[in-house]
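Below, each chain spelled out in residue letters.
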Amino acid sequence: MTISVAMTVNGKSVSGKVEARTLLVQFLREHLGMTGTHVGCDTSQCGACVVHVDGQSVKSCTMLAVQAEGAKVTTIEGLAPSADKLHPMQEAFRDNHALQCGFCTPGMVMSAIDMVKRHNYQLDEATVRRELEGNLCRCTGYHNIVKAILAAAPAMKSAGV
Amino acid sequence: MYDFAYHRPKSVADAVALLKGKEEARPMSGGMTLIPTLKQRLAKPSDVVDLGGVKELAGIKVEGGNVVIGAMTKHGDVATSADVKAHIPALADLAGHIGDPQVRNRGTIGGSVANADPAADYPAAVVALNATVTTNTGKHAADGFFKGLFETALGEGEIITSISFPKPEKAAYMKFPNPASRYAMVGVFVAKTASGVRVAVTGAGPSVFRVKAMEEALSKNFSSDAIKDIKVPATDLNSDIHGSAEYRAHLVGVMARRAVDKANK
Ligand SMILES: Cc1cc2nc3c(=O)[nH]c(=O)nc-3n(C[C@H](O)[C@H](O)[C@H](O)COP(=O)(O)OP(=O)(O)OC[C@H]3O[C@@H](n4cnc5c(N)ncnc54)[C@H](O)[C@@H]3O)c2cc1C
Ligand code: FES
Ligand code: FES
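Residues numbered from 1 in each chain as written. Chains lettered and ligands numbered in written order. Predicted model: local features only at pLDDT ≥ 70, side-chain atom pairs only at ≥ 80, totals over all residues. Heavy atoms only, no water.

> I'm lost on the overall build of chain B in this one. Help?
When its secondary structure is counted, chain B shows eleven helices and 14 strands. Computed over its C-alpha atoms, the radius of gyration of chain B comes to 18 Å, within 12% of the 18 Å expected for a compact globule of 265 residues. Expressed as lengths along the three principal axes of its C-alpha atoms, the size of chain B is roughly 55 × 45 × 30 Å. Counting the 265 residues in chain B, one finds 57% classified as buried. Expressed as a percentage of contacts within chain B between residues at least 6 apart in sequence, the contacts between residues at least 24 apart total 58%. Charge separation in chain B, taken as the distance between the mean sites of 32 positive and 27 negative side-chain charges, equals 4 Å. (Helix = DSSP H or I, 4+ residues; strand = E, 2+ residues; numbered from the N terminus. Rg over C-alpha atoms; globule rule 2.2 N^0.38 Å. Buried < 20%, exposed > 50% of the residue type's maximum accessible area, 1.4 Å probe, protein only. Contact = heavy atoms within 4.5 Å. Lys, Arg positive; Asp, Glu negative; His and termini not counted. Charge placed at Lys NZ, Arg CZ, Asp CG, Glu CD.)

In structure tokens form, the structure reads like this:
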């Protein structure tokens, strides 16, 4: 079944014709060519595909594109305020060497921003580790990811994002 | 995934009408179980009826001594609801430990209860709190609702609209999560109510079950000491790569005692 779908992605209105079974991540990567959102497992476990839908982090491999009809979607491509400035969470990942191969990073960053906001910019190490349950990293051992998120929380607060 | 016809009704009546007469039509709530099932081609529905647009199905109300949770209410919203935290904190605690934050942002109570996964958390709360499952056709008491592995009392085309939880005097849930999936290896929900104590176990068997011996002992003395010698037989419990039936039987006792201690805190 082919369906028209329309949503806002990173502030821009987009639309397209998809099959009912098209996943949101397929729509982003294959229809819109936005390949920043990754597919690691395709079984809802690794979190490489996390994007924000109406402000909440979701696994875009486990949501149909048609379920995002009318929604506001933010992907990793939509975070940096300009070409030469990163989002505080991206900056913190860079400063803290929180990535090695980088495959998990887009999902980590998207989950991390949602986590910081849900906890009102106040996090401790144990909370960060528990909140990362839905994101797997095969390289870093998580330690620097946790450090980056703890560093980004106050930076996001002072940047007002 | 096989393709299907997709529908997004705005009311329960329209959803029911869309499901009617189509044997292969399936409702979808959060999709956190259904979409993985479709990806593995374990199901081939002709039609998927997305309940995401049915506003009347989401939300939490306090009605008399009950907390009534709409079927489309997400795990994350139950976990953070001021009403649930005030009246049944054990239920908010349970919801906050389902899967991970992204699963909790999409998965719903109606989908979880309808699915009746042997390792799901909510069934333990439904049975221990003696909740009532309301559907488009009527009401189901907790005790008759879960029939077996992925099997409930729901009929063809029947959809859950809300679940009503009577407020207990004390309650707590303890789970031993599978370290990879966070599903319950064993989860025990203990509730002390005006009409007695109920102990419901999930994860251990093909379906949620009550432990009458523990309920009787706890009704006389609501302390973990009262159940320290009660053993659950391993016969009929789940054995898999994650743990043997004997291991799970042992965990039932441990989780039950911890739940009682938590409820008494
Ligand atoms: C990585 C991961 C980890 C998880 N960990 C846990 C965990 O720790 N504990 C736990 O309990 N669960 C866990 N889950 C499952 C999760 O809670 C699901 O959200 C839940 O089981 C199904 O809810 P849903 O809203 O997503 O339902 P859906 O996937 O939309 O539907 C599930 C089934 O119920 C039917 N259905 C849906 N809504 C209704 C309705 N209102 N009336 C009748 N039938 C309906 C559908 O047709 C389908 O058969 C996990 C899932 C994932 C992906
Ligand atoms: S690709 Fe979506 S969770 Fe792994
Ligand atoms: S940096 Fe390689 S998977 Fe995380």
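Now that the structure has been shown, we can carry on.
> Is there a simple way to explain the sheet that holds strand β14 (residues 209-210) of chain B in this structure?
In a beta sheet, neighbouring strands pair by backbone hydrogen bonds and run either parallel or antiparallel. Residues and elements named next belong to chain B. If you walk across this open sheet you meet the four strands as β11-β12-β13-β14, and the pairing is antiparallel. Either end of the sheet is taken by a strand with one partner, and the two such strands are β11 (170-177) and β14. Both strand β12 (residues 184-193) and strand β13 (residues 196-202) contribute to a ladder of seven bridges, which runs antiparallel. Opposite Phe189, over in β13, you have Ala200 as the bridge partner. Helix α10 (residues 212-220) rests against β12, β13 and β14 of the sheet, and its axis sits at about 150 degrees to β13. Here helix α11 (residues 245-264) sits on the sheet in contact with β11, β12 and β13, set at roughly 145 degrees to β11. (Pairing = 2+ DSSP bridges. Axes fitted to C-alpha atoms, helices over the stretch in contact; angles between N-to-C directions.)

> I would appreciate a short explanation of the packing of helix α3 (residues 105-118) of chain A against helix α5 (residues 143-159) of chain A in the present structure.
Axes are the key here: two packed helices are described by the angle between their axes and the distance separating the axes. Residue and element names in this part refer to chain A. With their axes 10 Å apart at the nearest point, α3 and α5 run at an angle of 50 degrees to one another. Between α3 and α5, the crossing angle belongs to the class labelled oblique. Once α3 is placed against α5, the crossing between them reads as right-handed. Two secondary-structure elements touch here, α3 through Met108, Ala112, Ile113, Met115, Val116 and Lys117 and α5 through Ile145, Ile149, Ala153 and Met156. (Parallel < 35°, antiparallel > 145°, perpendicular 65-115°, else oblique. Left-handed = near helix turned anticlockwise from the far one by under 90°.)

> What am I meant to see in the domain arrangement of chain B here?
In many analyses, interface size is given as the accessible surface area lost on bringing the parts together. All names here are of chain B. By domain assignment, chain B separates into domain 1 (5-53) and domain 2 (58-263). Taking only C-alpha atoms into account, the centre of domain 1 sits 25 Å from that of domain 2. Taken together, the contact between domain 1 and domain 2 spans twelve residues of the former and 13 residues of the latter. Carbon and sulfur atoms make up 73% of the surface buried where domain 1 meets domain 2, a total of about 970 Å² over both sides. Applying the counting criterion to the domain 1 and domain 2 interface returns zero salt bridges. On the surface where domain 1 and domain 2 come into contact, there are zero residue pairs in polar contact (both at pLDDT 80 or more). Considering only residue class, the side of domain 1 that touches domain 2 consists of seven nonpolar, four polar and one charged. (Domains from an automatic or database assignment. Buried area = accessible area lost by both parts, 1.4 Å probe. Salt bridge = Lys/Arg side-chain N within 4 Å of Asp/Glu carboxyl O. Polar contact = N/O pair within 3.5 Å; in protein donor to acceptor, adjacent residues only side chain to side chain. Nonpolar A, V, L, I, M, F, W, Y, C, P; charged D, E, K, R; others polar.)

> I keep staring at the nonpolar core and nothing clicks. Help me out?
Note on soluble globular proteins: their nonpolar side chains tend to be buried together. Membership of the largest hydrophobic core comes to 38 residues, with the highest contact counts inside it found for Leu91(B), Val113(B), Tyr122(B), Val126(B), Ile163(B), Phe165(B) and Phe189(B). Examining the composition of this core, we find that six residues originate from one element, helix α8 (residues 122-128) of chain B, more than from any other. By size, the runner-up hydrophobic cluster in this structure holds 34 residues, among which are Val25(A), Cys49(A), Ala43(B) and Val48(B). (Core = buried A, V, L, I, M, F, W, Y, C linked by side-chain atoms within 4.5 Å.)

> Looking at this model, I keep getting lost on the UniProt feature "domain: FAD-binding PCMH-type" (unreviewed entry) in chain B. Mind explaining?
Feature annotation in UniProt places "domain: FAD-binding PCMH-type" (unreviewed entry) on residues 1-170 of chain B, given in this structure's numbering. The span residues 1-170 of chain B is 34% helix and 24% strand, and its two end C-alpha atoms sit 45 Å from each other. (UniProt positions renumbered as here; feature names shortened; annotations may be inferred.)

> In this structure, what is going on with the sheet that holds strand β1 (residues 5-7) of chain B? I would like to understand it.
All names here are of chain B. Strand order in this open sheet of three strands is β1-β3-β2, and the pairing throughout is parallel. The open sheet terminates on both sides in strands that have one partner only, identified here as β1 and β2 (25-28). Strand-to-strand twist in this sheet, taken as the mean axis angle between neighbours without regard to direction, amounts to 20 degrees. As defined by bridge partners, β2 adjoins strand β3 (residues 47-50) across four bridges and the pair is classed as parallel. Counted as the bridge partner of Ala25 is Asp47 from β3.

> Please clarify how unusual backbone geometry should be interpreted in this entry.
Of all residues except glycine, most have a negative phi; of all peptide bonds, most are trans. We note that Asn10(A) has phi near 50 degrees; this positive angle belongs to a residue other than glycine. Here Asn10(A) lies in the loop between β1 (2-9) and β2 (12-19).

> Explanation requested: the domain arrangement of chain A in the structure shown.
All names here are of chain A. Splitting chain A by domain gives domain 1 (2-78) and domain 2 (88-159). Contacts between the two partners involve 18 residues from domain 1, matched on the other side by 13 residues from domain 2. Taking both partners together, domain 1 and domain 2 bury about 1200 Å²; carbon and sulfur atoms supply 61% of that area. Contact with domain 2 buries surface across domain 1, with His38, His52 and Ile76 losing the most and accounting together for 41% of the total. At the boundary of domain 1 and domain 2, one finds zero salt bridges. Put simply, domain 1 and domain 2 have six residue pairs in polar contact (both at pLDDT 80 or more) between them. Here the residues of the side of domain 1 that touches domain 2 are counted per class, giving six nonpolar, eleven polar and one charged.

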